[in-house]
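A look at the structure
Listed here are the chains, written in short residue letters.
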Amino acid sequence: MPAAPVAADSVTTDPSSADSVPADPAPADSAPGPDASGGGRPEFPTALGTSTTSSITLLGRDLADDLMGKVGFGELVFWMVARRRPAPGQVRLFEACLVALADHGFTPTAIAARLTYLSAPDSLQGALAAGLLGGGSRFLGVTEDTGRFLADTLARAGDEPADDAGWDALALEAVTAERAARRIIPGLGHPVHKEGDPRTPALVRIAREEDLEGPHLRLFQAIGRVHEQVLGRRLVLNGAGVCGAALADLGLPVDLLRGFALLARAGGLLGQLAEEREHPVAMDAYLLVDRNATRLPPGDDDAPRH
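Quick word on the nonpolar core
Formed by 46 residues in total, the largest nonpolar core has its most connected members in Phe-94, Leu-219, Ile-223, Leu-247, Leu-250, Leu-252 and Phe-260. When contributions to this core are tallied by element, the ones reaching two or more residues are α2 (73-82), α3 (88-102), α6 (141-157), α7 (164-180), α8 (199-209), α9 (215-231), α10 (239-249) and α11 (257-278). Leaving out residues up to four positions away in the same chain, Leu-252 has contacts with Phe-78, Val-81, Ala-82, Phe-94, Leu-247, Leu-257 and Phe-260. The next biggest cluster of nonpolar side chains, apart from the first, holds six residues, and it includes Leu-58, Leu-59, Val-71 and Trp-79.

Here it is, written out as structure tokens:
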């Protein structure tokens, strides 16, 4: 006898359903059971989200009544990571960084997302993930690398300089040390914006307007002034680097700064994929490479490459 149809919004026990729950679940607000040793119940402390049968609490606030429609997404992310509610000026600078990092055209991350979507249009999450996985030392990861470099330099210096001359001296010392160690100074240079990254002065201006120009931004700007003395050429301070400095000045953990860059780029990649649906370029990109591939004999390591 065929089974009776199940309403679309009914509870299911089908394990293939991602949203399935046990047929007779314990109430979400019931007390947890004892641990395996019988010596009391386990605890899993969190200051973030918890749920009961009738409510959701996030950051100690009722999600529906206190947060939804009253707290912006950027403010909420800052709050969740820092465990403190940011002031309006901090939210403005934080969201300016997210906007600066959201999209920068046909970067490798965007191309990776579009090509993955071409290959698997049934896997939006795969396309987004492909783009995010490309966030590294050349794209997006520069935000964290710069913040970490500046924080380490400040930690070694101890007391902060009192004036621009002092910041320049500290910057010169840091750049000289990196040059001697044959390391790249993160945040310097950009493959497109050779004469100046337009995001950099905008972010510095916003930080100053909100009285949030802290030691990381001051040191980064000093690096921009003195690096030519050591490197022998002038490079721009790129937007990803200045975001790292600004986010560090907001007191956010430097080892999480790449996460904010990825958060911003996730929105940008979703926009890239939405555009790919309407104005596709991935197939042309694929065919351009495939039809112009140069065939090399196997193992011919000395053959010229273009």
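Concerning the side chain of Gln-90
By secondary structure assignment, the location of Gln-90 is in helix α3. According to the relative accessible area criterion, Gln-90 is buried, its value standing at 17%. Here the side chain of Gln-90 touches Ala-87 through a polar contact of 2.8 Å, landing on its backbone nitrogen. For Gln-90, the contacting residues outside a window of four places in its chain are Arg-84, Leu-212 and Leu-250.

So, the pattern of salt bridges
As enumerated under the stated definition, the model contains 14 salt bridges in all. Note that Glu-75 is salt-bridged to Arg-85, the shortest N-O span being 2.8 Å. With Glu-75 in helix α2 and Arg-85 in the loop between α2 and α3, this pair connects stretches of sequence that are 10 residues apart. Close ionic contact of Arg-92 with Glu-210 constitutes a salt bridge, the shortest N to O distance being 2.9 Å. Of this pair, Arg-92 sits in helix α3 while Glu-210 is found in the loop between α8 and α9, placing the two residues 118 residues apart along the sequence. Judged by relative accessible area, which is 27%, Glu-210 ranks as partly exposed.

Examining the packing of helix α4 (residues 108-119) against helix α12 (residues 282-291)
Where α4 meets α12, the closest approach of the two axes is 9 Å, and the angle between their N-to-C directions is 95°. The orientation of α4 relative to α12 falls into the category roughly perpendicular. For the pair α4 and α12, contact is made by Arg-114, Leu-115 and Leu-118 and by Ala-282, Met-283 and Tyr-286, respectively. Class assignment for the residues of the contact of α4 with α12 results in five nonpolar, no polar and one charged.

Here's the deal with a nonpolar patch on the surface
Nonpolar side chains collect at one region of the surface, where Phe-106, Ile-111, Leu-115, Leu-118, Val-281, Met-283 and Tyr-286 lie side by side and expose about 570 Å² of accessible area between them. Here Leu-115 is to be found in helix α4.

Notes on the layout of surface pockets
Roughly 900 Å³ of volume is contained in the largest pocket. If you trace the largest pocket, you find 32 residues lining it, with Ile-184, Leu-188, Gly-189, His-190 and Asn-238 closest to the centre. In terms of residue class, the lining of the largest pocket is made up of 13 nonpolar, eight polar and 11 charged.

Let's talk about the environment of Ala-264
Assignment of secondary structure puts Ala-264 in helix α11. Under the relative-accessibility criterion, Ala-264 is labelled buried at 9%. Once the C-alpha coordinates of Ala-264 and Cys-97 are considered, the two residues, 167 residues apart in sequence, prove to be 8.3 Å apart. With residues near it in sequence (within four places) discarded, Ala-264 still touches Leu-98, Leu-101 and Ala-102.

Looking at the confidence of the model for the chain
Regions with low pLDDT carry predicted coordinates that are not meant to be interpreted in detail. Taken residue by residue, the chain gives an average pLDDT of 86. The fraction at 70 or more is 85%. Under a pLDDT of 50 for its full length, residues 1-18 has, in the predicted model, 10 contacts with residues more than four places off or in other chains. When the criterion is pLDDT under 50, residues 20-31 qualifies, and its contacts beyond four places in sequence or with other chains add up to 16 contacts.

A short note on the environment of Val-99
Inspection of the secondary structure puts Val-99 in helix α3. Classification of Val-99 as exposed rests on a relative accessible area of 64%. When the C-alpha positions of Val-99 and Ala-264 are compared, they lie 6.8 Å apart, and in sequence the two are 165 residues distant.

Examining the packing of α4 against α11
The contact between α4 and α11 brings their axes to 9 Å, and the two run at 45°. The angle between the axes of α4 and α11 places the two elements in the oblique class. Crossing hand, α4 versus α11: right-handed. Judged by residue contacts, Thr-109, Ala-110, Ala-113, Arg-114 and Tyr-117 of α4 engage Arg-265, Leu-269, Gln-272, Leu-273, Glu-275, Glu-276 and Arg-277 from α11. For the contact of α4 with α11, a count of residues per class yields five nonpolar, two polar and five charged.

Conventions we followed
- Residues numbered from 1 in each chain as written.
- Predicted model: local features only at pLDDT ≥ 70, side-chain atom pairs only at ≥ 80, totals over all residues.
- Heavy atoms only, no water.
- Core = buried A, V, L, I, M, F, W, Y, C linked by side-chain atoms within 4.5 Å.
- Buried < 20%, exposed > 50% of the residue type's maximum accessible area, 1.4 Å probe, protein only.
- Helix = DSSP H or I, 4+ residues; strand = E, 2+ residues; numbered from the N terminus.
- Contact = heavy atoms within 4.5 Å.
- Polar contact = N/O pair within 3.5 Å; in protein donor to acceptor, adjacent residues only side chain to side chain.
- Salt bridge = Lys/Arg side-chain N within 4 Å of Asp/Glu carboxyl O.
- Axes fitted to C-alpha atoms, helices over the stretch in contact; angles between N-to-C directions.
- Parallel < 35°, antiparallel > 145°, perpendicular 65-115°, else oblique.
- Nonpolar A, V, L, I, M, F, W, Y, C, P; charged D, E, K, R; others polar.
- Patch = residues over 30% accessible without salt bridge, like charges linked within 9 Å, V, L, I, M, F, W, Y side chains within 5 Å.
- Areas by Shrake-Rupley, 256 points an atom, 1.4 Å probe, with all protein chains shown as cover.
- 1 Å grid on protein atoms, 1.4 Å probe; cavity = no way out; pocket = protein on both sides within 12 Å on 5 of 7 lines; lining within 4 Å.
- Points joined across faces, edges and corners; volume = space filled by probe spheres on them.
- pLDDT = per-residue confidence, 0-100.
- Left-handed = near helix turned anticlockwise from the far one by under 90°.

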